[in-house]
Amino acid sequence: MSSLTLEVCPCEGTDRGTQRCRLDVEYMKILKATLGTFVKICYERDVFICTLWPSKQIGDPCVRLDKVVMVTATKDEVREGETVPSIEVINASPCTYIKVSVIVKEISQVKKLKLMLKRVEKHCRNCLLNLCVVFKAEVNMEHSKLAQCYGFSGFVIHACSSQRNTVAAVVSEDTEIEISEVLSKERFELRKSRDFCRLGGVDKPVRDLIEIVKLSERYQVVKSMFMEFPRGVLLRGPPGCGKTTLVKQVACECDAFIVTINGPEILGSHPGESEENLRTMFERACNLSEEGSCILFIDEIDSLCPKKGSGISSAESRLTCQLVALMDGIQSRSRLTVIGATNQPHHLDPSVRRPGRFDREVLINIPTDAERLDILKVHSSCLPLDENVDFRQLSIWTKGYVGADLSNLCQEAAYLALAETKVSQNDKEITRVAMKHFREAFGKIVPSTQRGSDALVDLKPVSWNDIGGLEKVKGQIMQAVEWPMRYPDAFRRMGVPQPRGILLYGPPGCCKTTLVRAAATACQATFLSVSSAHLFSPFVGDAERVVSEVFQRTRMGAPAILFLDEIDAVAGKRSEAGRQKGVQERLLSTLLNEMDGVGVRVDDKVTTTMGQHQRIAEGQEAHQNETMTPVDNSSVLVVAATNRPDLVDEALLRPGRFDRIIYVPSPDKEARQQILDVHMKKMATCDVNTERLAELTEWYTGADLENLCREAALLALTQDGIDAVKVTGNHFTDALKTVKASLNESLVKQYHQLNILSIKKK
C-alpha cells in the first residue's frame, strides 16, 4: 500500500466516534480486506487502529479515518516526512481483561468517581463496547455522546488480554475491566507534554525541593505532630544557574502540576487587574492541588514584591499585600507548594520572606569544579565528542561559570565543529567536537556573573617566562598568590590562612601589573581589574556602590583575583580631623569593610564559613575560645599596585587586609639582559650584544627596555627601507640616543630607603 497515492483526510460527521476508516473498494481488494476488517494505519508519528469501511465515493484517493484509538509509533513505525500512510490488516479477538486509566473533563469529578469505582467500571465497559484496542492505546471519547454523559474524556489502556492472544482485542460485555486510576484531562495532557530534563551539579537543591513537595503527601503524619506544611520556598541564585529548569525537573520527578507565573506578565494596566490575575492563578493552582501535588512557580518574584520604600508605586504595594494574603490563606491540608525564584533576594520585601509564607530558602550556588564537571557531561552527552576532550581540564578553566554559560560553551564548540564539517554530494563527514573547539569557544564566552560589571574581566595571558629577571619577586608572588589557590588543602592542613591582600610597590614601569597577570594566568583564577577612573562618579554614593558590586561579582567567581591598580588614587590617606569627608574617604571606608567581609550581605554569600550556628547544626560543640576556620579555602584575593606607597592609608597596610607587601625593584644588569632577550625573541636581530646593552641601560625600567626594542625596529625600517628584515646593534645604539631612562639614582635610593613600618607610624 505504501506505493499507492493516498492522503489522510478527516472523517465525516456521522463516522466520528465509531472507529471507522473509509477506503476505496479497489484499495480494499488489494488489501484482501472486507467490511469490518481491523487495520493498523501508520502515519507520521502515530498509529491508528480502525475498522475498515468502503468509501462513499468511488475512486476516492483519501483515507478517511476516525482517530479514536491511537498509539504512539515505535522507531520502526515512524513515517515522519512521508505523506503516504502505511495500512496493515491485523487480527483481533474478543477481549477478556483490560486495565485502563479513566480521563475525566473536570477535576471536581475525580473525587466523586474514585468513591464509586464499581459503577465506573460498568460505565467504561459501555463506552468501550465493540472498540478494538491494543496495549498503550489512547482512546479519545470527545465525540461519544455516552461518554459525555458520564463525564469521560478518554481512556488509556495499560493492559490487554484476548481469547486467542492476538495483539488487538475487541471489548465485549464479558470483558473484565480494572480501573488503574482516575485523572483529569489537564493532568493527562501535562504528563504527555512533560519532557524530563536533567540538570547537572544541583543534586542537593533537587533533593531539598523534592522533600518539601512530597511532604504534602504525608498530611496525616504531619498533622499528628501538630505541624504545618512549608507553604513557600524561595529559590535564589545568580542568573543562569538553572532555577527555572530546576523547578521543572522537580515537578517531573514528583509527578506534580506546575503553574508558572512570570512576574511582568501578570501586571495589568488597570487598577486591580494585577491583583485579579494573581488571584486567578492561585485559584487555578489550588484546584489542581485537589487532584495531586501542585507547584505554583513565581519567576522573578522580586518584580512582583519589591522592597517597600519611596520609589515603590501603590500598585506594587497592593500586589505585595495580595500575595501575602493569598499565601496566608493556603489551607493546611492543601498539596500546593509555592516556589519563588529570584537572583536579587535583597530587593524582595521582608514581609514575604518571613516564616509562614516562604518558610524555606534554597540557594543554588556558583558551581564548584566537581559540579561543573557534571554539568559539562550533561550538556555534551548528545555531541559527537573526540577522544581528546578533557572535561576535568575544562571544569578547571571555567571558574565562575554557571550552568547557562557551560551550556553555551558546549553549543559554541559544536558550532565550530559544524563549520569544519565537509559536505559532499554523496555523504557528509561529521567533524567531532575536539578540545581545540572548546578552547576556541572558551575565548568567546564571558561568564554571566561578570557581564555588565564595572571591572575589566579580559585577562591577557602572560607566562612567567615572559617576564625577565625579578626571580626573587616572582617567588614571593607565587608563594602569596599562586600557592593558596592551587594548593588549598596544604594550607588547610598546616593551619595557614589564605592572605586577603597583597600590595606591590615600586618605581613606575617595573611590570607590577604584568606580574599580577602572570600570577592570575598561572593559577587559572577569575581575574578582575578595577581602574580608579571607573570608580569616581559625580553622584553621591555611586562610587561606593561600584566598589561593593565589584567585590560581589568577584566573590561569585571565586577563586578570583581582584586587581586594584594605582590604589593610592582610590584609597589615599584620610584627611585630618575637622575636615569634611570626601569621596575618597568614603571609598576607603567601603574598601575596608569589603576586605574585612563586613560589607557582605547574607543573600550574596556564595561560600560558607564554619560559624557557631553551623557547628551546632552539625552536632559539634562550639567552644568560646576556639578559632573558627573556613570550610572552603578558595576565596577572593585583592592585589593592589602603587608607586606611591607613602600615600596609601595606614588602615589598609595592617595584617588581615594587605598581609604581604612586596617591593618590585628596578632591574639590575642581569635582569635587564633577560628582559632584552625576552623582547628580542619576537625580532630578527643581527650582531646585537645584549650584555653590552644591559650595561648601557642603567636606570632603565622594563617598560623603557621594551620601548628601546620598539624604537630600534622602527629605525631599521627607516634607515634600511621598508623591506628591512634585520635589526642590528647600530640600530640599538642609535635608539639609545632617543630613549632615555625613566629612573635616576636619587629616585631608586628613595624606594630602597622607604620603610613601610615608618609609613604606618606617620
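Residues numbered from 1 in each chain as written. Predicted model: local features only at pLDDT ≥ 70, side-chain atom pairs only at ≥ 80, totals over all residues. Heavy atoms only, no water.

1. What about the pairing of strand E15 (residues 257-262)?
Every second residue of E15 is oriented toward a common face, the buried set being Phe257, Val259 and Ile261 and the non-buried set Ile258, Thr260 and Asn262. Two strands pair when backbone bridges link them, and E15 and strand E16 (residues 294-299) are joined in this way by 6 bridges, in the parallel orientation. Residue pairing for E16: Asn262 is matched across the bridge by Asp299. Where the polypeptide runs from E15 across helix H9 (residues 273-289) and back to E16, its parallel neighbour, the crossover connection is right-handed. (Buried < 20%, exposed > 50% of the residue type's maximum accessible area, 1.4 Å probe, protein only. Helix = DSSP H or I, 4+ residues; strand = E, 2+ residues; numbered from the N terminus. Pairing = 2+ DSSP bridges. Right-handed = clockwise from strand over helix to strand, strands pointing away.)

2. Regarding empty space enclosed by the protein
Taken as a whole, this structure holds 4 cavities of 30 Å³ or more when the rule is applied. Forming the walls of the second largest cavity are Val530, Leu535, Val547, Val550, Phe551, Leu562, Leu564, Val570, Leu587 and Leu591. Examining the composition of the lining of the second largest cavity, we find that 3 residues originate from one element, helix H20 (residues 542-556), more than from any other. Per-class residue counts for the lining of the second largest cavity are 10 nonpolar, no polar and no charged. (1 Å grid on protein atoms, 1.4 Å probe; cavity = no way out; pocket = protein on both sides within 12 Å on 5 of 7 lines; lining within 4 Å. Points joined across faces, edges and corners; volume = space filled by probe spheres on them. Nonpolar A, V, L, I, M, F, W, Y, C, P; charged D, E, K, R; others polar.)

3. Re the sheet that holds strand E14 (residues 232-236)
The sheet built from 5 strands is open, its strands ordered E15-E16-E17-E14-E18 with parallel pairing. The two strands at the open ends of the sheet, each matched to only one other strand, are E15 and strand E18 (360-363). Within the sheet, the average angular offset between the axes of one strand and its neighbour, ignoring direction, is 20°. With respect to the sheet, H9 is in contact with E15, E16 and strand E17 (336-342), its orientation differing from that of E15 by roughly 170°. (Axes fitted to C-alpha atoms, helices over the stretch in contact; angles between N-to-C directions. Contact = heavy atoms within 4.5 Å.)

4. Description of the pairing of E14
Where burial is concerned, most of E14 is hidden: 5 out of the 5 residues are buried. Because side chains alternate across E14, one face comprises the buried residues Gly232, Leu234 and Arg236, and the other comprises Val233 and Leu235, equally buried. By the bridge criterion, 5 bridges tie E14 to E17 in an arrangement that is parallel. If you follow Gly232 over to E17, its bridge partner there is Val338. As judged from the 4 bridges shared by E14 and E18, these two strands associate in the parallel manner. The residue of E18 that forms the bridge with Leu235 is Val362.

5. Section: the sheet that holds strand E24 (residues 636-642)
Pairing is parallel in the open sheet, where 5 strands are placed in the order E22-E23-E24-E21-E25. Every other strand in the sheet has two partners, leaving strand E22 (526-530) and strand E25 (660-663) as the edge strands with one partner each. Strand-to-strand twist in this sheet, taken as the mean axis angle between neighbours without regard to direction, amounts to 20°. Two strands pair when backbone bridges link them, and E22 and strand E23 (residues 560-565) are joined in this way by 5 bridges, in the parallel orientation. Considered in E23, the bridge of Phe527 is made with Ile561.

Purely geometric numbers; function is a separate question.
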